[in-house]
Amino acid sequence: MGGDKTYRVTYKVYDNERLKKVSFHGMLVYPLYLRLTFDRRTTEYRSNLFDLFLKTKYGIRVSGEIYPPHVDKIIEREEKLIEFVIDRHPEDFTLELFKKEYDYYSRDLLDEMEPGFINYVRTYLDDEGMHYLGDALANSQHEVSIFDVILDLKRALKPDLYQRLIDQSILLAPPYFPLHHFIEAPLRWPLKILTVMEWESTEIQAKFRDFMKKYYPQQEISSVVSQIDEWIKRGN
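Residues numbered from 1 in each chain as written. Predicted model: local features only at pLDDT ≥ 70, side-chain atom pairs only at ≥ 80, totals over all residues. Heavy atoms only, no water.

Visitor: Got a minute to help me understand the pairing of strand β4 (residues 32-38) in this structure?
Guide: The side chains of a regular strand alternate, residue by residue, between the two faces of the sheet. Across the 7 residues that make up β4, a large majority, 5, are buried. Of the strand pairs in this sheet, strand β1 (residues 10-15) and β4 are connected by 6 bridges, and their pairing is antiparallel. Each residue of the ladder has a partner; that of Tyr11, found in β4, is Leu36. In this sheet, strand β5 (residues 41-46) lies alongside β4 in antiparallel orientation, the contact comprising 6 bridges. When the sheet's bridge partners are listed, Thr37 is paired in β5 with Thr42. (Buried < 20%, exposed > 50% of the residue type's maximum accessible area, 1.4 Å probe, protein only. Helix = DSSP H or I, 4+ residues; strand = E, 2+ residues; numbered from the N terminus. Pairing = 2+ DSSP bridges.)

Visitor: Any chance you could explain the packing of helix α4 (residues 109-127) against helix α7 (residues 159-172) here in plain terms?
Guide: When two helices pack together, their arrangement is given by the angle between the helix axes and the distance between those axes. Where α4 meets α7, the axes come as close as 10 Å, and the angle between the chain directions of the two elements is 135°. Looking at the two axes, α4 sits oblique to α7. By crossing handedness, the relation of α4 to α7 is classed as right-handed. For the pair α4 and α7, contact is made by Phe117, Tyr120, Val121 and Tyr124 and by Leu161, Arg164, Leu165, Gln168, Ser169 and Leu172, respectively. Each residue belonging to the contact of α4 with α7 can be placed in one class, and the counts come to 7 nonpolar, 2 polar and 1 charged. (Axes fitted to C-alpha atoms, helices over the stretch in contact; angles between N-to-C directions. Parallel < 35°, antiparallel > 145°, perpendicular 65-115°, else oblique. Left-handed = near helix turned anticlockwise from the far one by under 90°. Contact = heavy atoms within 4.5 Å. Nonpolar A, V, L, I, M, F, W, Y, C, P; charged D, E, K, R; others polar.)

In structure tokens form, the structure reads like this:
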């Protein structure tokens, strides 16, 4: 008998206890890995999202203490990502193709755009005569999220100065701030990231357009969406 063979993909997200524990915002944990089996082959990859949340800025700050993000939420996000990539290739799946698309769709747009936004804020504050504040923000970019810093600046800056900072950022910087505001306001996700997989969802983009109409009515929405799409294509 002839015919095409159908292979089932199986996967597991697990703590790799064969490796040394690493500090996860003060808590020692085993690195998170993915194991995939397909066509009698098994391969393992280190979790991109785990490595992302290792960064200091993702520590949860409460009353002067820093706590790690919930690992179970990271695993849940990983599983959605894995299943998304697998489902994209019902007929032509390979482990090599999976790794390529996993790396692509797991890109966090906020993390990628943050350095460009920080450079913009530094220039803006420098132009307004606040040179040391701009330098301080730039030097702390690996320690805290610039989005949270900007929210604190809203209390410290004069209203018109703050509003110009935000309005001009959409024209002069990567659209980091409205994207971050988007996941904080209507979405309220427990993990403060926005991956390429999530952005390319038509449902998410529709919600983003509605969000922009409500919170940034003076901005050209199509232009902002185009900026994000171009960012992804460039592979920044």
